[in-house]
Amino acid sequence: MLKTFELLNITIPQHLQDWMLRRLLRAHKAAIPIVIFGQLCFALLLVAGEWAKSSIFESALFLAGVGLASLHRAILGMRISNLTDDDTAPRIHFELMLSSLAYGLLFGGALFLLFPTASGINQIMLGIMAMALIGTTSHSLRTIPKAGMIYMTLVMLGFAGGLFQLGGLSSLAPIAVAVAAMAFLARMLATSFRLFVSRALREREVQASTETVKLLLNDYQEQGADWLFELSETGNILHASERFAQAAGLNQAALNGRQFATLFDAGNEQARLRANLEAGHDFRQLALPLAQQVDGEMKWWSVSCRPVNLSHGGLTRFRGVISDISSQKSAEARVRHLAHYDSLTGLPNRMMFQTGIERAFEHLNGSTRVALMYIDVDQFKQVNDMYGHLAGDEFLKQVAVRLDEAVATSGMGGEGRMVARLGGDEFAIMLIGDDVGEKSIRLAQILVDALNKPFEVDGHELNTSISVGLALAPDHANSAAALQSNADIALYVAKDSGRNRWEMFEPGMDVALQQRHAIEKDLRTALLGDEFRLYLQPLVDVETSTQVGFEALLRWEHPTKGMVMPLDFIPIAEESGLIVPIGEWVLRTAIAEAASWAEPMAIAINLSPIQLRSPNLLPVIINALAETGLDPARVELEITETVLMQNCEENITILNRLHDLGVKIALDDFGTGYASLNYLRTFPFDKIKIDRSFVNDLELNDDCRAIVGAVISLANELGMCTLAEGVEQESQLVKLREQGCGMVQGWLFGKAMPASHYGLGAQAEQEIRQVA
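Read on for an overview of the structure. Because the structure is a prediction, the values reported are computed rather than measured.

Criteria and cut-off values
Residues numbered from 1 in each chain as written. Predicted model: local features only at pLDDT ≥ 70, side-chain atom pairs only at ≥ 80, totals over all residues. Heavy atoms only, no water. Helix = DSSP H or I, 4+ residues; strand = E, 2+ residues; numbered from the N terminus. Buried < 20%, exposed > 50% of the residue type's maximum accessible area, 1.4 Å probe, protein only. Contact = heavy atoms within 4.5 Å. Areas by Shrake-Rupley, 256 points an atom, 1.4 Å probe, with all protein chains shown as cover. Pairing = 2+ DSSP bridges. Axes fitted to C-alpha atoms, helices over the stretch in contact; angles between N-to-C directions. Phe/Tyr/Trp six-rings, centres within 6.5 Å; stacked < 30°, edge-to-face > 60°. Lys NZ or Arg CZ within 6 Å of the ring centre and 35° of its normal. Parallel < 35°, antiparallel > 145°, perpendicular 65-115°, else oblique. Left-handed = near helix turned anticlockwise from the far one by under 90°. Nonpolar A, V, L, I, M, F, W, Y, C, P; charged D, E, K, R; others polar. Patch = residues over 30% accessible without salt bridge, like charges linked within 9 Å, V, L, I, M, F, W, Y side chains within 5 Å. Salt bridge = Lys/Arg side-chain N within 4 Å of Asp/Glu carboxyl O. Core = buried A, V, L, I, M, F, W, Y, C linked by side-chain atoms within 4.5 Å. Polar contact = N/O pair within 3.5 Å; in protein donor to acceptor, adjacent residues only side chain to side chain.

This part takes up the overall build of the protein. Check the secondary structure of the protein and you find 29 helices and 22 strands. Among the 772 residues that make up the protein, the fraction classed as buried is 48%. If you take every contact in the protein between residues at least 6 apart in sequence, the share linking residues at least 24 apart comes to 65%. In the structure as shown, the protein presents an accessible area of about 37,100 Å², 54% of it carried by carbon and sulfur atoms.

Structure follows, in structure tokens:
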């Protein structure tokens, strides 16, 4: 067969030649009954016509030969039916050529013998019969052209020989015509063979491609996170897969024929789906919530779909793919939740509480009053110092629960109250109603009593208390800001009066303001008297476990009160505006300190929102960089989202100018309930700092792990570095490394200490003081 392909200039890959031979034989099998019937008919015509004049023996011998050849061809047909992938195909092909040889000899010989002696009309019949035998061969033997050529040649030789016997040289012209006709038919035979082979190869390619696509689709359905679906023109589900049924929590029978849109919760998303399907539009990644829970969980699907025209009759199908985006939606909802709720306690955060107060004053009228309580946990720092931050966080959770329960059980209305955590150990309660004056007083004492009872945290009994400052509107204030200020003054008085008590604002409480003024005065003295100290905490690269920088932290060494932490004086410094000169001192000192280091490590410096409003901020940073020669890329300024909330456009302009200098900008306190994903689109931050509350619960809380992973993934996609704060345990570091966090800081690597503790340029601070 290979020689046949070569002869006809047909190229077939070596590995497909056996397959092609079997394909050709099976195609010929369909023609075998016609071949046998035709040969027998022609044989009978010959016997009935010419050999009827001859002996019975010659006629019987011819018919027997044709019969045996036909029987052999029939047996070959049965063998082809049982043909497998073994090596019998070449043998059958050879025998088919022998069968054609036998037919050709029989009919060619008959024509050769009978033509000279036949009458005129019978000669015409024999000529027609000869051409008919040759002509039918071009079709019946097109898949085995070699056998066809053998048969046609032998018949033509017999016919031409008979003509030559009859007419001698004068018969050469008709012989030439007959040979030309046979050549044409032989060409048709070869052409039919080429077309058949080409079509067979194309069909095999299409079949292979189809099988590959089916295999890939099946694997996609079984192994992938997504699955395919098909809908009728009216939006009914067709051919639902097992993967589709499992994801929907239904069986395939229940899905097939069901309206696709009814799988989803009625709402705007479902309405959009129906509109697209009815209009025949394609759509991508349409997020839809399922109408029913699956395995007790709310599910979200992302659906992409397009219309498909399967015929000229128009639109008949929709096809598409579905992705389960439930985890993504859950993480997004959690992140959105963090914008308004405290991640540690679940209570509303400062932002939500501030919004609530402002709305309360917008609707304040008639006899309606607003009561505001500011609450601080007394001596909370001692809890952290004695038992660690993890215990401190657990304690704050219990405080939040006890406050919320006390408010709920005191008879205060649900819609007219809000309990919030403002940050750290600061809580707030707002009550709205006609009679909140007396109720708030009773509630304040209930809160003090409730929080006076012992707490049990990690096997330790903690005894603590709270201080409460209470102010009423419109009794004590006509604006949200004034009410907050007066509640804060009342809180300060409660704390200054010995703590574990509540105080209602009174005009005479201006003394508390005097105390604040005293702190403010001490701060001014501290700035002039060289009482501030710069402490450093290491920043560690997660991948290499090496120190790559330090965060500059401010401490106040008061001459009589000792070391004062920033939480105790920074708020007053910000309110008084002293944060600007103090912040300038920190910037100059920190930059000079970093310039004195032998290694080119980074220095992270916190910026207050008030500092950004100072016209001296840029000159101070530029001068400090110029005087020290420090690479601006080593300076990292940390801001909170408050910077973007206040004077957003002006602050963004300043941040961009700082960026243009080469200074890096980091978003601090991300995840505390203050930060929002919207701010990541507002400015191209270089770093996101993940709040320590997430790190604390990283090992125990799946939500924390999911959110941290989502934040890290988002930061990586935006080209931002991530730094996790408050890493105190090796296991936390392992989890953060697994999730791709870039940097960490915390007690695991070092507390905030003077530069000399870390073997850095300890003289820089003294030198900058002398210059100042």
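This brings us to the sheet that holds strand E6 (residues 369-377). On the basis of which strands lie adjacent, the open sheet formed by 5 strands has the order E7-E8-E6-E11-E12 and mixed pairing. A single partner strand is all that each edge strand has here, and the edge strands are strand E7 (417-423) and strand E12 (501-504). When the angles between neighbouring strand axes are averaged without regard to direction, this sheet yields 20°. Pairing of E6 with strand E11 (residues 466-473), which is carried by 8 bridges, proceeds in the antiparallel orientation. Looking across to E11, one finds that Ala371 is bridged to Leu472. Here helix H13 (residues 350-362) sits on the sheet in contact with E6, E7, strand E8 (426-433) and E11, set at roughly 25° to E8. Packed onto the sheet, helix H16 (residues 436-451) meets E6, E8, E11 and E12 and runs at close to 15° relative to E6.

Moving on, we get to the environment of Leu114. Locating Leu114 in the fold gives a position in helix H5 (residues 89-114). Taking C-alpha positions, Leu114 is 8.9 Å from Leu46, a pair spaced 68 residues apart along the chain.

This part covers the packing of aromatic side chains. In this structure the tally under the stated criterion is 16 aromatic pairs. With a centroid separation of 5.8 Å and 80° between ring planes, the pair formed by Phe264 and Trp301 is classed as edge-to-face. Placement of Phe264 in the loop between helix H10 (252-255) and helix H11 (268-279) and of Trp301 in strand E4 (residues 300-308) is noted, with a sequence separation of 37 residues between them. Taken as a pair, Phe264 and Trp301 share a single burial class, namely buried. These aromatic residues form a ring-pair network of at least three members: Trp227, Phe229, Phe244, Phe260, Phe264 and Trp301. A cation sits over an aromatic face here: Lys329 above Trp300, 4.6 Å from the ring centre.

Moving on to the pairing of strand E3 (residues 283-289). Burial within E3 is extensive, with 5 of its 7 residues counted as buried. In this sheet, E4 lies alongside E3 in antiparallel orientation, the contact comprising 5 bridges. Across the sheet, residue Pro289 finds its bridge partner in E4, namely Trp300.

Turning our attention to the packing of helix H4 (residues 56-81) against H5. As a packed pair, H4 and H5 sit with axes 10 Å apart at the nearest point and diverge in direction by 160°. Between H4 and H5, the angle is such that the two are roughly antiparallel. Crossing of H4 against H5: the hand is left-handed. Across the interface between the two elements, Phe62, Gly65, Val66, Ala69, Ser70, His72, Arg73, Leu76, Arg79 and Ile80 from H4 touch Arg91, Ile92, Glu95, Leu96, Ser99, Ser100, Ala102, Tyr103, Leu106, Phe107 and Ala110 from H5. The residue inventory of the contact of H4 with H5, partitioned by class, reads 12 nonpolar, 5 polar and 4 charged.

Let's shift gears to the sheet that holds E4. On the basis of which strands lie adjacent, the open sheet formed by 5 strands has the order E2-E1-E5-E4-E3 and antiparallel pairing. Of all the strands in the sheet, just strand E2 (237-238) and E3 have a single pairing partner and so form its edges. Two elements, strand E1 (residues 226-232) and E2, share 2 bridges in a ladder whose sense is antiparallel. Of the residues in E2, the one forming a bridge with Leu231 is Ile237. Together, E1, E3, E4 and strand E5 (317-324) form the strand contacts of H11, whose direction differs from that of E3 by roughly 145°.

There is a patch of nonpolar side chains on the surface, built from Leu68, Leu71, Ile75 and Met78 and spanning about 410 Å² of accessible area. By the element assignment, Met78 lies in helix H4.

Now for the pattern of salt bridges. A complete count under the given rule lists 22 salt bridges for this structure. The closest approach of N and O atoms between Glu95 and Arg79, which form a salt bridge, is 2.9 Å. Residue Glu95 is located in helix H5, and its partner Arg79 is located in helix H4; the two are separated by 16 residues in the primary sequence. Given the relative accessible area of 10%, Glu95 is considered buried. Judged by relative accessible area, Arg79 falls into the partly exposed class, the value being 31%. Three or more residues joined by partner-sharing salt bridges are found here, namely Glu551, Glu638, Lys689 and Glu725.

Looking now at the pairing of strand E14 (residues 546-558). Taken together, the 10 bridges between strand E13 (residues 532-541) and E14 define a ladder with antiparallel strand orientation. Bridge pairing in E14 places Pro538 opposite Phe550. Hairpin geometry of E13 and E14 is characterised by an intervening segment of 4 residues between the two adjacent antiparallel strands and by a positive phi of about 60° at Ser545. Judged from the 4 bridges that link them, E14 and strand E16 (residues 602-606) form a sheet pairing that is parallel. Bridge pairing in E16 places Gly549 opposite Ala602. Inspection of the sheet shows E14 paired to strand E15 (residues 562-564) by 3 bridges, in the antiparallel sense. Its bridge partner being in E15, Glu557 is matched across the sheet by Met563. Between E14 and E15, which pair antiparallel and follow one another directly, the connecting turn spans 3 residues.

Most often, soluble globular proteins have nonpolar side chains that are buried together. The biggest cluster of nonpolar side chains holds 80 residues, and the ones touching the most others in it are Leu523, Ile603, Ile605, Leu637 and Leu655. Counting residues in hydrophobic clusters, the runner-up holds 47 residues, among them Ile36, Tyr151, Ala160 and Leu185.

Glancing now at the packing of H5 against helix H7 (residues 145-167). Here H5 crosses H7 at 10°, and the two axes come no closer than 8 Å. In this view, H5 runs roughly parallel relative to H7, as classed from their interaxial angle. In contact with Leu96, Met97, Ser100, Leu101, Tyr103, Gly104, Leu105, Phe107, Gly108, Leu111 and Phe112 of H5, H7 contributes Lys146, Ala147, Ile150, Tyr151, Leu154, Val155, Gly158, Phe159, Gly161, Gly162 and Gln165. Class assignment for the residues of the contact of H5 with H7 results in 14 nonpolar, 7 polar and 1 charged.

Structurally, the position occupied by Gln611 is in helix H21 (residues 609-612). There is a polar contact of 2.8 Å between the side chain of Gln611 and the backbone nitrogen of Ser608. Once you skip the residues sitting within four places of it in the chain, Gln611 turns out to touch Ile579, Val580, Gly583, Glu584, Leu587, Asn606 and Leu617.

Interpretation note: all reported values are geometric properties and have no functional meaning in isolation.
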